[in-house]
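Breakdown of the fold
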Amino acid sequence: MFDPVLLKTLISVAETLSFTRSAELLSLSQPTVSQHIRKLEKAAGRILVARDTRDVRLTDNGDAMVGFARTILAAHDEATAYFTGSAMRGRLRFGSADDIALTQLPQILRDFRQLYPHINLELTVNQSGVLSRRLGAGQLDLVFVKQEPGESDGRVVRRERLVWAAHKSLVLDPSAHVPLIAYQAPSISRAAAIHALEESGRTWRITCNTREVNGVIAAARAGIGIAVFPQTMIPPDLVDVTNAFDLPALGEVEFALLSNPATAREPIEALVSAILKRPSTLASAWDSA
């Protein structure tokens, strides 16, 4: 067996061709570096490093040993990561509403996969209503969705106000129909918009009907209408036009985690905990988009 500590020293000497520089990089004394090389040569039964008063170079056997050393240390690091990481295993079918997926949720999922490498995480992105139905049908284990306040017994991550948003170039005659950009029904934001407009006596017409948040954003950027967003999810090139166009209040929306009671709890609780620990980052939708 070749000691990984000795192999690391050999690699450092191979890269620097200097016992003095290797000692500095490894936080060792120069005599200790020399001792490591001698021990490794004794274990290999070969001369690995040729040195004199002027230079240091690897022998052919030294070059061969460096190749083996990199392979051995890589396997050693992989084994260490395996046995020091979480032993939690299984499959977790996770669904996220498409606009939530524009937040820093991807970073949370990357961190989760590094912490629990043996959990097979399957991500589905869709509208909240579709995800809730798939959860109820047993096709998903955990979903992160928008819902009306108090709608379910899920874990509420946060609650925020819905607002009207449009491109700053949009002009709206107070007597004209409100040009509405909306998700296809059923949709919380669509229902909230239509209800608020009808309650306030404002007429409206759908100028864009889409299934995805990217379609909503594109239409709003094109200036063809007004869309509804959670307050923190307004893209930076759109503006809140609630007061500018004297539009009615829309109420609030909850961001909630709903789980399948038939699924093993440990993986679900692990991901729920990861999301609940960082709710503030989820409210900054466009910081890293």
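Up top is the structure these notes are about.
Remember, predicted model here, so these are calculated numbers, not experimental data. (Residues numbered from 1 in each chain as written. Predicted model: local features only at pLDDT ≥ 70, side-chain atom pairs only at ≥ 80, totals over all residues. Heavy atoms only, no water.)

A separate point is the overall build of the protein. A tally of helices and strands in the protein yields 10 helices and 11 strands. The globule rule puts the C-alpha radius of gyration for 289 residues at 19 Å, and the 30 Å found for the protein is more than 25% above it. Across the 289 residues that make up the protein, the buried fraction comes to 43%. Within the protein, counting contacts between residues at least 6 apart in sequence, those at least 24 apart form 76% of the total. Carbon and sulfur atoms make up 51% of the accessible area of the protein, which amounts to about 15,300 Å² in all. (Helix = DSSP H or I, 4+ residues; strand = E, 2+ residues; numbered from the N terminus. Rg over C-alpha atoms; globule rule 2.2 N^0.38 Å. Buried < 20%, exposed > 50% of the residue type's maximum accessible area, 1.4 Å probe, protein only. Contact = heavy atoms within 4.5 Å. Areas by Shrake-Rupley, 256 points an atom, 1.4 Å probe, with all protein chains shown as cover.)

Bringing unusual backbone geometry into the picture now. In this structure, the amide linkage connecting Ala 185 to the following residue, Pro 186, adopts the cis form with an omega of 0°. Along the polypeptide, Pro 186 turns up in the loop between strand 7 (178-183) and helix 7 (188-199). Phi at Leu 17 takes a positive value of approximately 50°, unusual for a residue other than glycine. Following the sequence through the fold, Leu 17 ends up in the loop between helix 1 (4-16) and helix 2 (19-26). Unlike most non-glycine residues, Asp 246 shows phi in positive territory, near 50°. As for its position among the elements, Asp 246 is in the loop between strand 10 (238-240) and strand 11 (252-259). When its relative accessible area of 62% is taken as the criterion, Asp 246 is described as exposed.

To continue, consider the environment of Ala 165. Examined against the element boundaries, Ala 165 turns out to sit in strand 6 (residues 155-167). Discounting residues that sit within four places of it in the chain, Ala 165 has contacts with Ile 226, Ala 227, Phe 229, Ile 234, Val 239, Asp 240 and Val 241.

This part is about helix 1. If you check helix 1, its first and last C-alpha atoms are 18 Å apart, about what 13 residues at 1.5 Å a residue would give, namely 18 Å. The backbone nitrogen of Val 5 has a side-chain oxygen 2.9 Å away, supplied by the residue at the start of helix 1, namely Asp 3. (Expected span 1.5 Å × (residues − 1). Polar contact = N/O pair within 3.5 Å; in protein donor to acceptor, adjacent residues only side chain to side chain.)

On to the packing of aromatic side chains. Throughout the structure, instances matching the rule amount to one aromatic pair. Their ring planes at 45° and their centres at 4.9 Å tell us that Phe 112 and Tyr 116 sit as a pair that is tilted. (Phe/Tyr/Trp six-rings, centres within 6.5 Å; stacked < 30°, edge-to-face > 60°.)

This part takes up a nonpolar patch on the surface. Taken together, the side chains of Phe 2, Phe 68 and Ile 72 present a nonpolar region at the surface, about 270 Å² in accessible area. Topologically, Ile 72 is positioned in helix 4 (residues 60-84). Take Ile 72: its relative accessible area is 31%, and that puts it in the partly exposed class. (Patch = residues over 30% accessible without salt bridge, like charges linked within 9 Å, V, L, I, M, F, W, Y side chains within 5 Å. Salt bridge = Lys/Arg side-chain N within 4 Å of Asp/Glu carboxyl O.)

It is worth stressing that arrangement in space is one thing and function is another; only the former is reported here.
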